[in-house]
Amino acid sequence: MALMTKNEIADVLAEIGTLMELKGENPFKVRAYSAGARAIEALERDEFETLVAEGRLQSVKGIGEALAAKIAELHSTGRLEFLDKLKASIEPGLVEMLTIPGLGPKKIAALARDLKVTSIGALEEACREGRVAALAGFGEKTQEKILTGIRNREAYSKRHLWWDASETAAPILAGLRSLPQVSRAETAGSLRRGLETVGDLDFIVAAGDVEPVVRWFTGMAGVREVTASGGTKASVRLESGLQADLRIVPSEQFAFALHHFTGSKDHNVQMRQRSLDRGLSLSEWGLVPSAGEGTARDKAGRNESVPAGDEKAIFAALGLAYIPPELREGLGEIEAAEKGELPRLVETGDLRGAFHNHTAESDGGNTLAEMAGAAEALGWEYLGIADHSKSSRQANGLTEERLARQVAEIRALNASGRFRTRVLAGTECDILPDGSLDFDDAVLAGLDYVVASVHSSFSQDEAVMTARIVRALENPRVTMLGHLSGRLLLRREAYGVDAGRVIDAAIANGVAIELNANPYRLDMDWRLWRKAAARGLECSINPDAHDTAGLEFVRAGVNAARKGWLTREQVVNTQPLAKVEAWLAKKRGRK
Ligand code: DGT
Ligand code: CA
Ligand code: CA
Ligand code: ZN
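These numbers were taken from a predicted model, which means no experiment stands behind them. (Residues numbered from 1 in each chain as written. Chains lettered and ligands numbered in written order. Predicted model: local features only at pLDDT ≥ 70, side-chain atom pairs only at ≥ 80, totals over all residues. Heavy atoms only, no water.)

Describing the coordination of the calcium ion (ligand 3)
Reasoning step 1: Looking at the calcium ion (ligand 3), one finds its protein donor set to be Asp 200 (OD), Asp 200 (OD), Asp 202 (OD) and Asp 245 (OD), positioned 2.4 to 2.7 Å from the metal centre.
Reasoning step 2: The sequence pattern formed by the donor residues of the calcium ion (ligand 3) is D-x1-D-x42-D.
Reasoning step 3: The distance between the calcium ion (ligand 3) and the calcium ion (ligand 2) comes to 3.7 Å, and Asp 200 binds to both of them. Taken together, the residues Asp 202 in strand 4 (residues 200–207) and Asp 245 in strand 7 (residues 243–249) connect sequence positions 43 residues apart. (Donors = N, O, S within 2.8 Å, 3.2 Å for Na, K, Ca; no water. Helix = DSSP H or I, 4+ residues; strand = E, 2+ residues; numbered from the N terminus.)

See below:
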């Protein structure tokens, strides 16, 4: 049985390449590992398994004898002695420096060699003293960038991607629910509200007997440190650095506690004000008549709460429709709930396909057929393939010839009837620095659709960047704009761009904007969607999948879309295939 999949093995090889580069090893050796990683990614899974089983990996271009042995070792044992030794031979401070956004292994190796800098603290000092700027190949600008990177790293390390947080939370929630003392358990806080990043996890539990629940929580696998424990509360720090808070309440308080600790703070403040206006006081304990007005008291002398078995009853007691957690940001949801004007939010199950996905032909990890098979397994009616265009060399972008071959392959796959999912032929076409597109009109005309994205010259002035993107949107071949801001959450800030002007241009030109669902992107930001969609902007929730598992990212995109108040009707990829094909034909028919 294999202990590691081919994609996991490819990741390990890429890591080895990075570590060797960090050590300042011969670039030729470094390249052997990164090339090996790509070669494995490009194989189909079955093909890879067969080659390993028959000991024929060396027949693959880019994989030599030594590499083949390491791959076989990883495949059968899940470990690699060579990697363990390599790791042990490198100063831990250098590996940590890889977590500085924007700083790569080559530069770190140079810093270690020429400045003897081997920790983030020493690097910061060297920057402040101007020693980094003086180094050949660095300069003032790079030194400034490294300092910004060090500052960002600190801020970034305090929060976690929603996706990672939710993967961590799922087994904990399941564990809590399986305890005999626990009658109800939910996640709360920013995780439940679907915020793009999460500070800590919050769990609310209804239980009769508190002590065994606290004991399980503080003793569960993955706990690095118990930071607080006592009575009905506990907090732990997990191995990932994420903190998790647990609160245990009697079952009649559960709905109130869940609502309170779901937040947001702004939503809670407004809910409390609304309660006061009605002579009531809302808290994590209950909803009781305000002091002086109510008389009902329980045995402990406290006011007796309006009963609420669930959150719906709390909202109802205040004259409100149920407000989904994603909307609880204090941005008008209470007024809308009062008027019965809350939107029916889009759901993951509404999606019938997706447009922006990559294959191993550019920088993805799976073949066209593997991607189509995965889309079929999700029950999707269509799958758009949009590999990178030629200027994205770092992502192995397709030339005109390779794109033409891919289109033919897609048409043939559709004709073969091998999958129920229809594959649509597109491109993620670079928007060049001047706003022109990476492919000629005639090339784009042969495709089903075009996603246009910025992947270069991020440091342009805001005005230049905005004009660049607007020019691309005015090209009638463009179906939708990819990742508007270029941000990578907790990794890289957005480039300067006037989102308002880009939205105006998209609406004016009948171009959709994607909600890139990659957990690092979630771009265009949910805060901009409500107003933009109300003005007629079309949204496409795009997983930007680089492998079959990446298709699942649409869940993160749906979260963000819900936070942006989007309904099914406002998201194009909830439409059935026939409607989508008509929509694409109409776009192609512009001008
Ligand atoms: P995070 O963890 O930083 O991503 O954000 P949240 O929203 O999960 O915040 P957290 O974990 O500090 O607290 C969970 C919820 O509890 C929060 O959304 C609202 C409620 N809450 C906590 N402290 C306060 C407070 O001082 N005032 C009010 N009104 N609500 C609070
Ligand atoms: Ca939290
Ligand atoms: Ca918390
Ligand atoms: Zn892209």
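Now that the structure has been shown, the text picks up again.
Considering the environment of Glu 252
Reasoning step 1: Along the chain, the position of Glu 252 falls in the loop between strand 7 and helix 13 (254–262).
Reasoning step 2: On a C-alpha basis, the gap between Glu 252 and Thr 232 in space is 15 Å, while along the polypeptide they are 20 residues apart.

Considerations on the site of ligand 1
Reasoning step 1: Taken together, 16 residues lie near ligand 1, and Arg 159, Ser 190, Arg 193, Gly 199 and Asp 200 sit nearest.
Reasoning step 2: Ser 190 places a side-chain nitrogen or oxygen 2.5 Å from an oxygen atom of ligand 1.
Reasoning step 3: Here an oxygen atom of ligand 1 and a backbone polar atom of Gly 199 are 2.8 Å apart.
Reasoning step 4: Within the complex, the protein chains bury 68% of what would otherwise be the 590 Å² of accessible surface of ligand 1.
Reasoning step 5: The set of elements that each furnish at least two residues to the shell around ligand 1 consists of helix 11 (189–193), strand 4, helix 13 and helix 14 (265–277).
Reasoning step 6: Across the shell around ligand 1, the residue classes break down as two nonpolar, eight polar and six charged.
Reasoning step 7: Split by domain, the residues of the shell around ligand 1 number at least three in each of domain 3 (160–249) and domain 4 (257–291 + 304–339). (Near = heavy atom within 4 Å. Polar contact = N/O pair within 3.5 Å; in protein donor to acceptor, adjacent residues only side chain to side chain. Areas by Shrake-Rupley, 256 points an atom, 1.4 Å probe, with all protein chains shown as cover. Nonpolar A, V, L, I, M, F, W, Y, C, P; charged D, E, K, R; others polar. Domains from an automatic or database assignment.)

Considerations on helix 8 (residues 120–128)
For the α-helix, the turn length of 3.6 residues means that residues three or four positions removed from each other point alike.
Reasoning step 1: Buried residues of helix 8: Ile 120, Leu 123, Ala 126 and Cys 127, and no others. All buried residues of helix 8 project into a common sector of 120° when viewed along the axis, lining one side.
Reasoning step 2: Those residues of helix 8 hidden inside the fold are in contact with helix 6 (92–97), helix 7 (105–115) and helix 9 (139–157).
Reasoning step 3: Gly 130 occupies a position one or two residues after helix 8 and carries a positive phi of about 75°. (Buried < 20%, exposed > 50% of the residue type's maximum accessible area, 1.4 Å probe, protein only. Arc of directions from axis to C-beta. Contact = heavy atoms within 4.5 Å.)

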